[in-house]
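# Understanding the architecture of this molecule
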Amino acid sequence: MNLLLTVTKMSEPIISARNLNHYFGDGNLKKQALFDINLDIYAGEIVIMTGPSGSGKTTLLTLMGGLRSAQEGSLKILDRELRDASKQELTKLRGNIGYIFQAHNLLTFLTAKQNVRMSLELHDRYLKGDLDKVANDILTTVGLEERAEYYADNLSGGQKQRVAIARALVSQPKIVLADEPTAALDKKSGRDAVELMQKLAKEQDCTILLVTHDNRILDIADRIVYMEDGRLMDRPETT
Ligand code: ADP
Ligand code: MG
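Please read these numbers as outputs of a predicted model, since none were measured by experiment.

Cut-offs used in this document
- Residues numbered from 1 in each chain as written.
- Chains lettered and ligands numbered in written order.
- Predicted model: local features only at pLDDT ≥ 70, side-chain atom pairs only at ≥ 80, totals over all residues.
- Heavy atoms only, no water.
- Helix = DSSP H or I, 4+ residues; strand = E, 2+ residues; numbered from the N terminus.
- Rg over C-alpha atoms; globule rule 2.2 N^0.38 Å.
- Buried < 20%, exposed > 50% of the residue type's maximum accessible area, 1.4 Å probe, protein only.
- Contact = heavy atoms within 4.5 Å.
- Areas by Shrake-Rupley, 256 points an atom, 1.4 Å probe, with all protein chains shown as cover.
- Polar contact = N/O pair within 3.5 Å; in protein donor to acceptor, adjacent residues only side chain to side chain.
- Near = heavy atom within 4 Å.
- Core = buried A, V, L, I, M, F, W, Y, C linked by side-chain atoms within 4.5 Å.
- 1 Å grid on protein atoms, 1.4 Å probe; cavity = no way out; pocket = protein on both sides within 12 Å on 5 of 7 lines; lining within 4 Å.
- Points joined across faces, edges and corners; volume = space filled by probe spheres on them.
- Salt bridge = Lys/Arg side-chain N within 4 Å of Asp/Glu carboxyl O.
- Arc of directions from axis to C-beta.

## Observations concerning the overall build of the chain
Across its full length, the chain carries seven helices and ten strands. Relative to its length of 239 residues, the chain is compact, with a C-alpha radius of gyration of 18 Å against a globular reference of 18 Å. Each of the three principal axes of the chain carries a C-alpha extent, and together these read 50 × 45 × 40 Å. Looking at the chain residue by residue over its 239 residues, the buried ones come to 47%. Here the contacts in the chain between residues at least 6 apart in sequence split such that 70% fall between residues at least 24 apart. Carbon and sulfur atoms make up 49% of the accessible area of the chain, which amounts to about 12,800 Å² in all.

## As for the side chain of Asn 21
Mapped onto the fold, Asn 21 is located in strand E1 (residues 15-24). You can call Asn 21 buried: its relative accessible area is 14%. A distance of 2.9 Å separates polar atoms of two side chains, one belonging to Asn 21 and the other to Glu 72. Excluding its chain neighbours within four sequence positions, the residues that come into contact with Asn 21 are Gln 32, Leu 34, Phe 35, Asp 36, Gln 71 and Glu 72.

## Describing the site of ligand 1
By nearness alone, every residue bordering ligand 1 is listed as Phe 24, Lys 31, Ala 33, Pro 52, Ser 53, Gly 54, Ser 55, Gly 56, Lys 57, Thr 58 and Thr 59. The separation between an oxygen atom of ligand 1 and a polar main-chain atom of Gly 56 is 3.0 Å. Contacts to ligand 1 include Lys 57, whose side-chain N or O atom sits 2.7 Å from an oxygen atom. For ligand 1, the accessible surface in isolation is 560 Å², of which the surrounding protein chains cover 59%.

## With respect to the nonpolar core
Counting 40 residues, the largest nonpolar core has Val 116, Leu 139, Val 163, Met 197 and Leu 210 as its most contacted members. Those elements that place two or more of their residues in this core are strand E3 (46-50), helix H4 (112-121), helix H5 (131-141), helix H6 (157-169), strand E7 (175-179), helix H7 (187-204) and strand E8 (207-211). Residues in contact with Leu 139, not counting those within four places in the same chain, are Ala 112, Lys 113, Val 116, Leu 144, Glu 145, Ala 148, Val 163 and Ala 166.

## Focus on the layout of surface pockets
As a volume, the largest pocket reaches approximately 470 Å³. Along the wall of the largest pocket there are 19 residues; nearest its centre are Arg 94, Ile 97, Tyr 99, Ser 119 and Leu 122. Contributing elements (two or more residues each) for the lining of the largest pocket: strand E6 (97-101), H4 and H6. In terms of residue count, the dominant contributor to the lining of the largest pocket is E6 (five residues).

## A short note on the environment of Gly 51
Turning to its location among the elements, Gly 51 is positioned in the loop between E3 and helix H2 (57-64). You can call Gly 51 buried: its relative accessible area is 8%.

## Points about the pattern of salt bridges
Summed over the entire model, instances satisfying the criterion amount to 14 salt bridges. Across the salt bridge formed by Asp 192 and Lys 188, the nearest N and O atoms sit 2.7 Å from each other. Residue Asp 192 and its partner Lys 188 are both found in helix H7; the two are separated by four residues, about one turn of the helix. A residue is classified by how much of its surface remains accessible, and Asp 192, at 34% relative accessible area, is partly exposed. A residue is classified by how much of its surface remains accessible, and Lys 188, at 57% relative accessible area, is exposed. Among the salt bridges present, the one from Arg 216 reaches Asp 214, with a minimum N-O distance of 3.1 Å. Look at Asp 214 and you get buried, because its relative accessible area is 12%.

## Re H5
Taken residue by residue, H5 has Leu 131, Ala 135, Ile 138 and Leu 139 as its buried positions. Looking straight down H5, one finds that the buried residues subtend no more than 105° of arc, so they occupy a single side. Along its buried surface, H5 packs onto H4, H6 and H7. One or two residues past the end of H5 sits Gly 143, with phi positive at roughly 80°.

Structure representation (structure tokens):
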């Protein structure tokens, strides 16, 4: 009995959605984008989400990341209920999450190292440390030690994406949310990028939720979930 209780407690999900609905617009233009989402993701898991364009994947990811407010149902991230959460609470949550987007969102007027450093500067616990060293170390890990002083504009697509991964993971977030991170990359760079995410995440015991259309990277997932028309469904048999 005690053992069972312990096991149950240890396996609390780090992300938990219950009957989550989401709507865009008001009045006549109100349109439901997410329907009755139920999903649990556990610490250290790598979950891939696939599904057609417009099915609601980005909407769900932005809700989980505290980038928009949850409206209906329940969404718990790191034991915090996000429905009706204040702006302050959402801001606090965002500090525990790393984001990687397709368009990598690097600041082009900063160098690779400065982009990574900026992410550290948002965290009080790093401010007393040697930020340049921490930034250099992670750039070395992603194979960009020679490119640390390059402006983002002067890096290739694959290199930019590696900087984006370094930036998202440098502060050791509990959760990484990645929205089509390989979409702009060729096959090899895409594969390299996700393998890098996988390696860094396993080292840091971080949870990854990754949205992709890229069938070639599905094998890095511990589990695959499928979204269609705003609903999580069983994945259709792939050909
Ligand atoms: P996916 O990421 O799977 O392509 P999205 O989550 O971006 O899908 O979109 C899901 C649905 O919600 C689509 O019908 C889209 O048009 C709609 N939608 C997404 N963002 C907005 C928004 N900011 N305002 C209104 N409708 C939106
Ligand atoms: Mg999307």
